[in-house]
Amino acid sequence: MKKTYLPLNIWHLVIYLMCILIAGFGIYMSIIGLHALFVYEQYKSLILIVSGLIIVALFLFVLIYNLHNRIIFYDKKIVITAGGTKENIDP
């Protein structure tokens, strides 16, 4: 039987929510930049679009990286997936 646990203390939840919030602001910046580009034909808004997409990519990467850290309990072993490596612990 497999059970998976994420680190869910208050600070991890704050980090998850902040990453989602900042990525949402990046999406909002990109949409505002697209609106300015197509409606008002302001080509300076390309900077706003690109910076919004970079912010979204960075903070979604941080969010996915933090959600990847977990502990998996199998019947006969424990797997820890922190730091990009899998560490098997046989009791």
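Structure's up top.
Residues numbered from 1 in each chain as written. Predicted model: local features only at pLDDT ≥ 70, side-chain atom pairs only at ≥ 80, totals over all residues. Heavy atoms only, no water.

A short note on the packing of aromatic side chains
The full count for this structure, using the stated rule, is two aromatic pairs. Ring geometry for Y5 versus F73: centroids 5.6 Å apart, planes at 70°, classification edge-to-face. Placement of the pair is Y5 in strand 1 (residues 3-5) and F73 in strand 2 (residues 71-73), with a sequence separation of 68 residues. Note on F61 and Y65: the rings are 6.4 Å apart at their centroids and 20° apart in plane angle, and the pair reads as stacked. (Phe/Tyr/Trp six-rings, centres within 6.5 Å; stacked < 30°, edge-to-face > 60°. Helix = DSSP H or I, 4+ residues; strand = E, 2+ residues; numbered from the N terminus.)

Observations concerning unusual backbone geometry
One non-glycine residue, E41, lies in positive phi territory at about 55°. Examined against the element boundaries, E41 turns out to sit in the loop between helix 1 (10-39) and helix 2 (45-68).

Description of the packing of helix 1 against helix 2
Between helix 1 and helix 2, the shortest axis-to-axis distance is 8 Å and the interhelical angle comes to 160°. Relative to helix 2, the element helix 1 is oriented roughly antiparallel. Handedness of the helix 1/helix 2 crossing: left-handed. Residue composition of the contact of helix 1 with helix 2, by class: 23 nonpolar, seven polar and no charged. (Axes fitted to C-alpha atoms, helices over the stretch in contact; angles between N-to-C directions. Parallel < 35°, antiparallel > 145°, perpendicular 65-115°, else oblique. Left-handed = near helix turned anticlockwise from the far one by under 90°. Nonpolar A, V, L, I, M, F, W, Y, C, P; charged D, E, K, R; others polar.)

What about helix 2?
With 24 residues, helix 2 ought to run about 34 Å at 1.5 Å a step, and its terminal C-alpha atoms sit 35 Å apart, in line with that. Buried residues along helix 2 sit in contact with helix 1. (Expected span 1.5 Å × (residues − 1). Contact = heavy atoms within 4.5 Å.)

Here's the deal with helix 1
The end-to-end C-alpha distance of helix 1, which contains 30 residues, comes to 43 Å, matching closely the 44 Å that a straight helix rising 1.5 Å per residue would cover. Of the surrounding secondary structure, the elements contacted by the buried residues of helix 1 are helix 2. The positive-phi residue at the C-terminal boundary of helix 1 is E41, with phi of around 55°.

Description of the sheet that holds strand 2
Strand pairing within a sheet occurs via backbone hydrogen bonds; the two strands may be parallel or antiparallel. Strand order in the open sheet formed by four strands is 1-2-3-4, with antiparallel pairing between adjacent strands. The open sheet has two free edges, formed respectively by strand 1 and strand 4 (87-89), since each of these has just one partner strand. The mean inter-strand angle of the sheet, taken between neighbouring strand axes irrespective of direction, is 20°. Sheet topology note: the strand 3 (residues 78-80)/strand 4 ladder contains three bridges and is antiparallel. By the bridge assignment for strand 4, I78 is matched with I89. (Pairing = 2+ DSSP bridges.)

Notes on a nonpolar patch on the surface
Side chains of L6, L8, I10, W11, L13, V14, M18, L21, F25 and L67 sit close together on the surface and give an oily, nonpolar patch of about 970 Å² of accessible area. The leading source of residues in the nonpolar patch is helix 1, at seven residues. When you line up the elements, W11 lands in helix 1. (Patch = residues over 30% accessible without salt bridge, like charges linked within 9 Å, V, L, I, M, F, W, Y side chains within 5 Å. Areas by Shrake-Rupley, 256 points an atom, 1.4 Å probe, with all protein chains shown as cover. Salt bridge = Lys/Arg side-chain N within 4 Å of Asp/Glu carboxyl O.)

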